[in-house]
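# Working through the structure, step by step
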Amino acid sequence: MDSTRQKKISRLLQKELAEILRIVGKEFAPGKMITVTTVRISPDLSVAKVYLSFFPSEGGAAILESVKNNSGRIRHTLGQKVRNQLRIIPELAYFLDDSLDYIDNIDSLLKSGK
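Note that the structure is a prediction, hence the values are computed from the model and not measured.

### Focus: helix 3 (residues 71–82)
Between its first and last C-alpha, helix 3 extends 16 Å over 12 residues, near the 16 Å set by a 1.5 Å rise per residue. Of all the positions in helix 3, only Ser71, Ile74, Leu78, Gly79 and Val82 are classed as buried. With its buried residues spanning 140° around the axis, helix 3 presents them on a single face. Those residues of helix 3 that are exposed and aimed more than 90 degrees away from the buried face are Gly72 and His76.

### Topic: the packing of helix 1 (residues 4–28) against helix 3
Direction vectors running N to C along helix 1 and helix 3 enclose 135°, while the axes themselves pass 10 Å from each other. In terms of orientation, helix 1 and helix 3 fall into the oblique class. Seen from above, helix 1 lies across helix 3 with right-handed handedness. Seen from helix 1, the contacting residues are Leu12, Leu13, Glu16, Leu17, Glu19, Ile20, Leu21, Val24, Glu27 and Phe28; seen from helix 3, they are Arg73, Ile74, Thr77, Leu78, Lys81 and Val82.

### Some remarks on the sheet that holds strand 2 (residues 47–55)
The pairing of strands in a sheet comes from backbone hydrogen bonds and takes either a parallel or an antiparallel form. As summarised here, the arrangement of the 3 strands in space is 1-2-3, forming an open sheet in which the pairing is mixed. With partners counted over all chains shown, the strands left at the sheet margins are strand 1 (33–41) and strand 3 (91–96), one partner each. Strand after strand, the sheet turns through a mean of 30° between neighbouring axes, direction not considered. The pairing of strand 1 with strand 2 spans 8 bridges and is classified as antiparallel.

### Some thoughts on the nonpolar core
In terms of nonpolar packing, the biggest core is built from 27 residues, with Leu52, Ile74 and Tyr94 touching the most fellow members. Those elements that place two or more of their residues in this core are helix 1, strand 1, strand 2, helix 2 (60–69), helix 3 and strand 3. Those residues in contact with Leu52 that lie beyond four places of it in its chain are Leu21, Ile34, Thr35, Val36, Thr37, Leu64, Val67, Tyr94, Phe95, Leu96 and Asp97.

Rules and cut-offs
- Residues numbered from 1 in each chain as written.
- Predicted model: local features only at pLDDT ≥ 70, side-chain atom pairs only at ≥ 80, totals over all residues.
- Heavy atoms only, no water.
- Helix = DSSP H or I, 4+ residues; strand = E, 2+ residues; numbered from the N terminus.
- Expected span 1.5 Å × (residues − 1).
- Buried < 20%, exposed > 50% of the residue type's maximum accessible area, 1.4 Å probe, protein only.
- Arc of directions from axis to C-beta.
- Axes fitted to C-alpha atoms, helices over the stretch in contact; angles between N-to-C directions.
- Parallel < 35°, antiparallel > 145°, perpendicular 65-115°, else oblique.
- Left-handed = near helix turned anticlockwise from the far one by under 90°.
- Contact = heavy atoms within 4.5 Å.
- Pairing = 2+ DSSP bridges.
- Core = buried A, V, L, I, M, F, W, Y, C linked by side-chain atoms within 4.5 Å.

Listed below in structure tokens is the structure:
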């Protein structure tokens, strides 16, 4: 169960990371849209798990690797934006959120009648 503080920080990080990835995401994934679907923060507020979704989803693993390789730059930019709200910027761990692909797959199976 997340505390109120964890929920507030998760929402703040999700909003700011979405804005950062909207701007610098053009370098990682030209022609693709990067969405921050969820941010989960550890109870000690030191690690944030960031779940990303890509549209179109082809090549998502390669884009995720590119984002991971530039994690330091993204974290620095995040620190500049939230330095007045957070004393310590959490470490960011990125994961691929493939729930939209799963939903599309179920939807196509239901439409085909299988």
